[in-house]
Each structure stands twice: as structure tokens, then as C-alpha cells.
Amino acid sequence: MIKSGENQIMILFPSDSAKAEFDKVSREFFNHFKTKVHNFSIEILYKRDMENLKIEVMTKRKIFEKFAEKNPLLKDLDDLMKFDLT
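These numbers come from a predicted model, not from an experiment.

Reading the values: rules and limits
Residues numbered from 1 in each chain as written. Predicted model: local features only at pLDDT ≥ 70, side-chain atom pairs only at ≥ 80, totals over all residues. Heavy atoms only, no water. Salt bridge = Lys/Arg side-chain N within 4 Å of Asp/Glu carboxyl O. Helix = DSSP H or I, 4+ residues; strand = E, 2+ residues; numbered from the N terminus. Buried < 20%, exposed > 50% of the residue type's maximum accessible area, 1.4 Å probe, protein only. Phe/Tyr/Trp six-rings, centres within 6.5 Å; stacked < 30°, edge-to-face > 60°. Lys NZ or Arg CZ within 6 Å of the ring centre and 35° of its normal. Pairing = 2+ DSSP bridges. Right-handed = clockwise from strand over helix to strand, strands pointing away.

> Can you break down the pattern of salt bridges residue by residue, with the values?
All told, the structure shown has five salt bridges when counted by the stated rule. For K19, the salt bridge goes to D23, with nearest N and O atoms at 3.2 Å. Of this pair, K19 and D23 are both found in helix α1 (residues 16-37), four residues apart, which corresponds to roughly one turn of the helix. The exposure class of K19 is partly exposed, given its relative accessible area of 22%. Exposure remark for D23: the relative accessible area of 35% places this residue in the partly exposed category. The partner of K24 in a salt bridge is E21, with the nearest N and O atoms 3.1 Å apart. Of this pair, K24 and E21 both sit in helix α1, three residues apart, which is roughly one turn of that helix. The class for E21 is partly exposed, based on a relative accessible area of 49%.

> Can you break down the packing of aromatic side chains residue by residue, with the values?
Considering all chains together, one arrives at four aromatic pairs under this definition. Ring geometry for F22 versus Y46: centroids 6.4 Å apart, planes at 70°, classification edge-to-face. Here F22 is found in helix α1, whereas its partner Y46 is found in strand β3 (residues 43-48), with 24 residues between them in sequence. Using a relative accessible area of 24% as the deciding quantity, one classes F22 as partly exposed. When its relative accessible area of 33% is taken as the criterion, Y46 is described as partly exposed. A centroid spacing of 5.0 Å and a plane angle of 70° characterise the contact between F29 and F30, whose relative ring orientation is edge-to-face. By relative accessible area, which is 37% here, F29 ends up partly exposed. One aromatic cluster is present, formed by F22, F29, F30, F33 and Y46 through successive ring pairs. Here the basic side chain of K19 rests over the ring of Y46, its NZ or CZ set 4.3 Å away from the ring centre.

> Tell me what's going on with the pairing of strand β2 (residues 8-13), and back it up with residues and numbers.
Burial along β2 is one-sided: I9, I11 and F13 are buried, and none of Q8, M10 and L12, which face the opposite way, are. With three bridges joining them, strand β1 (residues 2-5) and β2 adopt antiparallel strand pairing. Looking at the pairing, G5 lines up with Q8 of β2. Hairpin geometry of β1 and β2 is characterised by an intervening segment of two residues between the two adjacent antiparallel strands. Pairing analysis gives six bridges linking β2 to β3, with the strands arranged parallel. Paired with I11 across the strands is Y46, a residue of β3. Handedness of the crossover joining β2 and β3 through α1: right-handed.

Given below as C-alpha cells:
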């Protein structure tokens, strides 16, 4: 959220799904916000922000390491069997 003018707030969102989730709670949030600041003429602007979108590629090695964090025996099994997860 960025204050872009005296009565404007710009909402930056990384994806359409994030905007859809925000839309579910935005009406209640902004009604409460406008009441708190006693300013009912605030405009809300939406802008897609691709710069802050982080896409992580999940390789087989990363998936295995995530499971190994939960179950340390998998790490021992990997050391013993020398899995090729490339």
C-alpha cells in the first residue's frame, strides 16, 4: 500500500490470484480504515507489480531437502544410497 495522493491509496499486487484474495476482505478493511481516519473520500487504485513477484522453481532436489527437514532419516538414507536428484 502506497499513499499516492492526498486522497489516494495505491495497492500493488503481484498476481491476479493475490488481488482476488484481497478483494474478499478489502470492502470491510477499507470501510473500517475510512471510519478510523474520518476520511470517506479516499480512492483506492490497483496496480500490478511484477517486480516483487518471486517465482521459485521447485526441483526434485529442493523437494527432497524440504522433506528431509521434516524427516531427518531421509538425509541418512540419501547419504547411504547416493540418490541422483538432479
